[in-house]
Amino acid sequence: MVERTRFLLDEAQIPRAWYNIAADLPVEQAPPLHPGTHQPLGPADLAPLFPMALILQEVSTEREIEIPEPVRALYAQFRPSPLVRALRLEKALDTPAHIYYKYEGTSPAGSHKPNTAIPQAFYNKEEGIKRIATETGAGQWGSALAYAGAMFGIEVKVYMVRASYDQKPYRRLLMETYGASVVASPSMETEAGRAILAEHPDSPGSLGMAISEAVEDTVKREDTHYALGSVLNHVMLHQTIIGEESIIQMEMAGEEPDVIIACAGGGSNFAGLAFPWLGRTFRGGRKYQVIAVEPEAAPSLSRGRYAYDYGDTAKMAPMVKMYTLGHDFVPEPIHAGGLRYHGMSPQVSLLKHHGFIEARSLHQRPCFEAGIQFARTEGIVPAPESTHAIKAAIDIALEAKASGEKKVILFNLSGHGFFDLTSYQRFLAGKLEDYEYPAEEVKHALESVEV
Ligand SMILES: *Cc1c(COP(=O)(O)O)cnc(C)c1O
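Rules and cut-offs
- Residues numbered from 1 in each chain as written.
- Predicted model: local features only at pLDDT ≥ 70, side-chain atom pairs only at ≥ 80, totals over all residues.
- Heavy atoms only, no water.
- Domains from an automatic or database assignment.
- Contact = heavy atoms within 4.5 Å.
- Buried area = accessible area lost by both parts, 1.4 Å probe.
- Salt bridge = Lys/Arg side-chain N within 4 Å of Asp/Glu carboxyl O.
- Pairing = 2+ DSSP bridges.
- Helix = DSSP H or I, 4+ residues; strand = E, 2+ residues; numbered from the N terminus.
- Axes fitted to C-alpha atoms, helices over the stretch in contact; angles between N-to-C directions.
- Near = heavy atom within 4 Å.
- Polar contact = N/O pair within 3.5 Å; in protein donor to acceptor, adjacent residues only side chain to side chain.
- Areas by Shrake-Rupley, 256 points an atom, 1.4 Å probe, with all protein chains shown as cover.
- Buried < 20%, exposed > 50% of the residue type's maximum accessible area, 1.4 Å probe, protein only.

Section: the domain arrangement of the protein chain
You can read the domains of the protein chain as domain 1 (49–68 + 113–233) and domain 2 (78–110 + 235–446). Here the C-alpha centroids of domain 1 and domain 2 sit 22 Å apart. Contacts between the two partners involve 44 residues from domain 1, matched on the other side by 42 residues from domain 2. Carbon and sulfur atoms make up 59% of the surface buried where domain 1 meets domain 2, a total of about 3,400 Å² over both sides. When the buried surface of domain 1 facing domain 2 is broken down by residue, Asn115, Val231 and Asn233 rank first, second and third, together holding 20% of it. At the boundary of domain 1 and domain 2, one finds one salt bridge.

Following this line, the structure appears as structure tokens:
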């Protein structure tokens, strides 16, 4: 008999609610603080940036939050996403482990990011907002929001990190195809951007800088809101659609994961896959080994400090308690642009701080190697970010081989790499370099963090 490898659900099985981990957290969350006064933020402080529906989700402790019908209707363009058993990869590794991946690259933007872009555009539309300003690293968030903006008739302005703007011209063209306008960050269009360029004319940019520009753009205009593609609680919430589906699909496969893995930049695809499983643990279920994988060039969870820090370089975004490398830290221009962030989701950070999850950091070259092995066995070219999860899954599968254990591994394949082929070109030509963990720069940047 042919072994089953694809576990598919139909449209009617798209979950009706997102899972809010705040309902089950066994430890207390630290509130976000106002960047100016350092006092806890109230809903009114956030109202210039976000629609009230999202602000309420940010602080909600309801376990299930209903997914609005127009959002489910758009999810149906690409959800439920497939769960796949990586049988050919298992064979190549000659491992007794079973490896499953949830594939989020089937969305129009090619990653998990539309899972939150769609509801964010929807709630803004409901509140009468005409325009959204945002930042993007590798361009995946920008293209997800550009797509969602097109679906709801909202204008989208994207500040795109300079390093990616130069490395990934097709991402910019994708955003423009969806109707968004895109500028390289730091730009001359904002005070924050001009200040950075005055000091560092060749700045490769960073997510922290681009966030400052998008927030400044937002607060200067009545018709505009801001949208963040990761880090915040409401983003983690929307992404739980991934894990909710994976629970049903693993049941179809007749297995339960021992190890759950995802890459982590701001933490959203990791949270999306892992939180629904962790929720089961917190409600009295079994424990899973849950691993967030970061790049060695920006290892906030593995090497950062757990402290209140600003989400952006210009200190305009709220302060949150998280693992941080310092808001001044500018990561090396690694090809996994979506992982180049100094901070981490406060919820993911809290779970790490209390030992409910673990973190690993990896160099980009072995990750690309794993990505290529994956492409040559499973047929999918993964996003550079996703190769971090693949590499960690392969490492665990090889450990299982050495010890003869039959482990079940579930990882999130957060996106495809069709817009990242220049990175693959560099790797294949032997030109991709590894960056050492920049201990000195992090030490310097951490001096600006108040504990
Ligand atoms: C943005 C992105 C990431 C990193 O963001 P998280 O919020 O940590 O998920 C990872 N993979 C892909 C494909 C991305 O687009």
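Quick look at the sheet that holds strand E10 (residues 259–263)
Spatial strand order, E1-E4-E5-E15-E10-E11-E14: seven strands in an open sheet with mixed pairing. Looking along the sheet, the strands with just one partner apiece sit at the ends: strand E1 (6–7) and strand E14 (358–362). Alignment of strand E5 (residues 98–103) against strand E15 (residues 408–413), held across six bridges, turns out to be parallel. Bridged to Tyr100 within E15 is Leu410. Each of E10, strand E11 (289–295) and E15 is contacted by helix H12 (residues 268–282), which is oriented at about 160° to E10, the strand it contacts most.

Digging into the site of the ligand
Surveying the vicinity of the ligand reveals 18 residues, the closest of which are Lys113, Ser230, Gly265, Ser268 and Ser414. Measuring from an oxygen atom of the ligand, one finds a side-chain N or O atom of His112 at 3.1 Å. When the free accessible area of the ligand is taken as 380 Å², the share hidden by the protein chains comes to 98%.

Let's talk about the pattern of salt bridges
With the rule as written, the count across this model stands at 25 salt bridges. Note that Arg303 is salt-bridged to Glu296, the shortest N-O span being 2.6 Å. Through salt bridges with shared partners, one network takes in Arg79, Lys102, Glu104 and Glu245.

Quick look at the pairing of E5
Counting buried positions along E5 yields six of six residues, so the element is predominantly enclosed. Of the two faces of E5, the one holding His98, Tyr100 and Lys102 and the one holding Ile99, Tyr101 and Tyr103 are both buried throughout. Pairing between strand E4 (residues 83–85) and E5: three bridges, direction antiparallel. Paired with Val84 across the two strands is Tyr101, which belongs to E5.

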